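# Commentary on secondary and tertiary structure
So you can see what is in the structure, the chains are spelled out below.
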Amino acid sequence: MITMDNIIREGHPTLRKRAEKLTFPLSEENQKLAHDLMEFLENSQDEKIAEKYHLRAGVGLAAPQVDRSIRMTAVLVPGAEGEDPIFKHVLVNPTIVSESVQKAALAEGEGCLSVDRDVPGYVPRADRIKLRWFDLDGNEHVQRLKDYPAIVVQHEIDHLNGILFFDHVNKDNPFSVPEGTLILE
Ligand SMILES: O=CN(O)C[C@@H](CC1CCCC1)C(=O)N1NCCC[C@H]1C(=O)Nc1ccccn1
Ligand code: NI
């Protein structure tokens, strides 16, 4: 199982690399990685398991964060207590087909399991995206996402391109955002 010890931190060169596209069929190794990435998110969102293994709760984990420079990320956006997740997929070779001009930013700012420091400030991202990805069997999917799920997916796809959330924070005024940016509570 993946634990925090497997997650590389800011300063590790892999976090700044462009990850390699995958071809199908996926290798056994990459099929196992897909499972392990999603398992980490499930474990991290289970209070008992997270406490037992000292896991930071996460809604996304990209392969580069465990030092595997390939275009694969797991996303697990939970629904309300006892409800189905809002978005639960392992995305292979994800692409943003189109995105809204309108931006959105999380009111709390962002963090990252690979960044062991707080970086205050808004992270402006597209509020709505049209996402295209492949599942583990190589089937293509296309889905429109908005608000929080869209923010999460953009944070993860950034990892596949060597981008970290604080790259988007305005250096002069971290809490300034482009005109019309939605601040998501
Ligand atoms: O690349 C992936 N990462 O770095 C894990 C990040 C991804 C999110 C950060 C902002 C958008 C995507 C992550 O999940 N976090 N960032 C650091 C600590 C908090 C944690 C988090 O937001 N946890 C959470 C939120 C709601 C419900 C359950 N858990
Ligand atoms: Ni991250």
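Residues numbered from 1 in each chain as written. Chains lettered and ligands numbered in written order. Predicted model: local features only at pLDDT ≥ 70, side-chain atom pairs only at ≥ 80, totals over all residues. Heavy atoms only, no water.

- Labelled according to an unreviewed UniProt entry, the chain appears under the name Peptide deformylase, originating from Ligilactobacillus araffinosus DSM 20653.
- As stated in UniProt under Catalytic activity (unreviewed entry), the record for the chain gives "N-terminal N-formyl-L-methionyl-[peptide] + H2O = N-terminal L-methionyl-[peptide] + formate".
- The UniProt entry for the chain carries the following text under Function (unreviewed entry): "Removes the formyl group from the N-terminal Met of newly synthesized proteins. Requires at least a dipeptide for an efficient rate of reaction. N-terminal L-methionine is a prerequisite for activity but the enzyme has broad specificity at other positions." (UniProt positions renumbered as here; feature names shortened; annotations may be inferred.)

### Notes on the UniProt feature "binding site: Fe cation" (unreviewed entry) in the chain
- Under the local residue numbering, the UniProt record ascribes the feature "binding site: Fe cation" (unreviewed entry) to Cys112, His155 and His159. A stretch of 48 residues holds the annotated residues, and the largest C-alpha distance among them is 10.2 Å, short enough that they meet in one place.
- Within the element layout of this structure, His155 appears in helix H3 (residues 147-160).
- What His155 contacts, discounting residues up to four positions off in sequence, is Glu110, Gly111, Cys112, Arg125 and Phe165.
- Here the side chain of His155 touches Glu110 through a polar contact of 2.9 Å, side chain to side chain.
- Looking at the element boundaries, His159 is found in helix H3.
- Judged by its relative accessible area of 1%, His159 falls in the buried class.
- For His159, the contacting residues outside a window of four places in its chain are Leu15, Lys17, Ala62, Pro64, Gln65, Cys112 and Leu164. (Helix = DSSP H or I, 4+ residues; strand = E, 2+ residues; numbered from the N terminus. Contact = heavy atoms within 4.5 Å. Polar contact = N/O pair within 3.5 Å; in protein donor to acceptor, adjacent residues only side chain to side chain. Buried < 20%, exposed > 50% of the residue type's maximum accessible area, 1.4 Å probe, protein only.)

### A few points about the side chain of Thr181
- Mapped onto the elements, Thr181 comes out in the loop between H3 and strand S8 (182-184).
- Among the polar contacts made by the side chain of Thr181, one reaches the main-chain carbonyl oxygen of Pro178 at a distance of 2.5 Å.

### Quick look at the pairing of strand S6 (residues 128-134)
- The sheet contact formed by strand S3 (residues 87-99) and S6 spans five bridges and is antiparallel. Bridge pairing links Ser98 to Lys130 in S6.
- Strand direction decides the pairing type here: S6 and strand S7 (residues 140-146), joined by seven bridges, are antiparallel. Its bridge partner lying in S7, Leu131 is registered against Gln143.
- Two successive antiparallel strands, S6 and S7, enclose a turn made up of five residues, where Gly138 displays a positive phi of approximately 90 degrees. (Pairing = 2+ DSSP bridges.)

### A few points about a negative patch on the surface
- A cluster of acidic residues, Asp46, Glu47, Glu51 and Glu81, forms a negative patch on the protein surface.
- Examined against the element boundaries, Glu81 turns out to sit in the loop between strand S2 (72-77) and S3.
- Among the residues examined, Glu81 registers a relative accessible area of 81% and is labelled exposed. (Patch = residues over 30% accessible without salt bridge, like charges linked within 9 Å, V, L, I, M, F, W, Y side chains within 5 Å. Areas by Shrake-Rupley, 256 points an atom, 1.4 Å probe, with all protein chains shown as cover. Salt bridge = Lys/Arg side-chain N within 4 Å of Asp/Glu carboxyl O. Lys, Arg positive; Asp, Glu negative; His and termini not counted. Charge placed at Lys NZ, Arg CZ, Asp CG, Glu CD.)

### Points about the site of ligand 1
- Neighbouring residues of ligand 1: 15 residues in total, closest Val59, Gln65, Leu113, Glu156 and His159.
- A distance of 3.0 Å separates a nitrogen atom of ligand 1 from a polar backbone atom of Ala57.
- Here an oxygen atom of ligand 1 sits 2.9 Å away from a polar atom, N or O, in the side chain of Gln65.
- Look at ligand 1: alone it shows 610 Å² of surface, and the protein chains cover 79% of it.
- A total of five residues in the shell around ligand 1 trace back to one element, the largest contributor, which is H3.
- Partitioned by chemical class, the residues of the shell around ligand 1 number six nonpolar, six polar and three charged. (Near = heavy atom within 4 Å. Nonpolar A, V, L, I, M, F, W, Y, C, P; charged D, E, K, R; others polar.)

### Looking at the sheet that holds S8
- Taken together, the three strands give an open sheet; going across it, the order is S5-S4-S8, and neighbouring strands pair in mixed fashion. The open sheet terminates on both sides in strands that have one partner only, identified here as strand S5 (125-126) and S8.

### Topic: the nonpolar core
- Core analysis: the largest hydrophobic core is formed by 24 residues, its most contacted members being Leu37, Phe40, Leu61 and Met72.
- At the level of secondary structure, the elements contributing two or more residues to this core comprise helix H1 (28-44), S2 and S3.
- Of the residues forming this core, the biggest block, six residues, is contributed by H1.
- Here Phe40 is in contact with Ile2, Thr3, Met4, Ile7, Leu55, Arg56, Leu61 and Leu113, once residues within four sequence places are set aside. (Core = buried A, V, L, I, M, F, W, Y, C linked by side-chain atoms within 4.5 Å.)

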